[in-house]
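Single-letter residue listing:
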Amino acid sequence: MIQRIQTIYLILAAAVSGGLIFLVSLWIDGEGNEVVAMDESSYFGAFVASALLSLVAIFIYNNRKLQTVINRLNILLNLILLGVFVYRLLTMSGETAVSEKGIGMLLPILSIVFLVLANRAIRRDEQLVKSADRFR
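Because the structure is a prediction, the values reported are computed rather than measured.

Points about the packing of helix α2 (residues 41-59) against helix α3 (residues 64-91)
Relative placement of two packed helices is described by the angle separating their axes and the distance separating the axes.
Turning to step 1, where the next piece is worked out: Viewed as axis vectors pointing N to C, α2 and α3 meet at an angle of 160 degrees, and their least axial separation amounts to 9 Å. Put simply, α2 runs roughly antiparallel to α3. Crossing geometry of α2 relative to α3 is assigned as left-handed. Across from Tyr-43, Ala-46, Phe-47, Ala-49, Ser-50, Leu-53, Ser-54, Val-56, Ala-57 and Ile-58 in α2, the residues of α3 making contact are Gln-67, Ile-70, Asn-71, Leu-73, Asn-74, Leu-77, Asn-78, Leu-81, Val-84, Phe-85 and Arg-88.
Turning to step 2, where the next piece is worked out: When grouped by side-chain class, the residues that make up the contact of α2 with α3 number 14 nonpolar, 6 polar and 1 charged.

Following this line, the structure appears as structure tokens:
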């Protein structure tokens, strides 16, 4: 399980979605307060759901097709979260509600990259197993 590269990618995706949300700010409001994902319950729930989906995908390594489907759902969740962030950036005026954009808004992009790399590695494993079955 841990010796597979997709497990490392999924651990990194879970760390980005579940761990970095506590360390980086999403934005800084007009009063100078840092807004993290824990301050907004919907963002926090989406990040935690993404981290849980990544962890679930790690432990179903025997069923590669289901693992790929769960990763695709996780990618979809991160795309929705990214869309909400972009919408928030575009609808808020400069100094009224959001003074400075934080690096936390890029976390879904980083998670999507790791999930795509994991899906690619899962697909490679599936092709390797199919080619080994042909030789039997």
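So, the packing of aromatic side chains
Turning to step 1, where the next piece is worked out: Applying the stated criterion across every chain yields a total of 2 aromatic pairs.
Turning to step 2, where the next piece is worked out: Both rings, one in Tyr-43 and one in Phe-85, keep their centres 4.9 Å apart while their planes meet at 55 degrees; by these two values the pair is tilted. With Tyr-43 in helix α2 and Phe-85 in helix α3, this residue pair connects regions lying 42 residues apart in the sequence.
Turning to step 3, where the next piece is worked out: A residue is classified by how much of its surface remains accessible, and Phe-85, at 1% relative accessible area, is buried.
Turning to step 4, where the next piece is worked out: When the centroid spacing of 6.2 Å and the interplanar angle of 35 degrees are considered together, the rings of Phe-47 and Phe-85 count as tilted. Highlighted residues: Phe-47 in helix α2 and Phe-85 in helix α3, separated in sequence by 38 residues.
Turning to step 5, where the next piece is worked out: Looking at Phe-47, the relative accessible area reads 1%, which means it is buried.
Turning to step 6, where the next piece is worked out: Among the aromatic residues, ring-to-ring pairing joins Tyr-43, Phe-47 and Phe-85 into one connected group.

Structural notes on the UniProt feature "transmembrane region" (unreviewed entry) in the protein
Turning to step 1, where the next piece is worked out: UniProt records the feature "transmembrane region" (unreviewed entry) at residues 7-28, 43-61, 73-90 and 102-122, using the numbering of this structure.
Turning to step 2, where the next piece is worked out: The span residues 43-61 carries 89% helix and 0% strand; its end-to-end C-alpha distance comes to 28 Å.
Turning to step 3, where the next piece is worked out: Along residues 73-90 one finds 100% helix and 0% strand; the C-alpha atoms at either end are 26 Å apart.

Details of the pattern of salt bridges
When the charged atoms of two side chains lie near each other, side chains of opposite charge can form a pair.
Turning to step 1, where the next piece is worked out: In this structure the tally under the stated criterion is 2 salt bridges.
Turning to step 2, where the next piece is worked out: Asp-125 serves as the salt-bridge partner of Arg-4, at 3.2 Å between the closest nitrogen and oxygen. With a gap of 121 residues between them, Arg-4 in the segment before α1 (5-18) and Asp-125 in helix α4 (residues 107-135) connect regions that are remote in the sequence.
Turning to step 3, where the next piece is worked out: Classification of Arg-4 as buried rests on a relative accessible area of 14%.
Turning to step 4, where the next piece is worked out: Its relative accessible area of 23% is what places Asp-125 among the partly exposed residues.

What counts as what
Residues numbered from 1 in each chain as written. Predicted model: local features only at pLDDT ≥ 70, side-chain atom pairs only at ≥ 80, totals over all residues. Heavy atoms only, no water. Axes fitted to C-alpha atoms, helices over the stretch in contact; angles between N-to-C directions. Helix = DSSP H or I, 4+ residues; strand = E, 2+ residues; numbered from the N terminus. Parallel < 35°, antiparallel > 145°, perpendicular 65-115°, else oblique. Left-handed = near helix turned anticlockwise from the far one by under 90°. Contact = heavy atoms within 4.5 Å. Nonpolar A, V, L, I, M, F, W, Y, C, P; charged D, E, K, R; others polar. Phe/Tyr/Trp six-rings, centres within 6.5 Å; stacked < 30°, edge-to-face > 60°. Buried < 20%, exposed > 50% of the residue type's maximum accessible area, 1.4 Å probe, protein only. UniProt positions renumbered as here; feature names shortened; annotations may be inferred. Salt bridge = Lys/Arg side-chain N within 4 Å of Asp/Glu carboxyl O.

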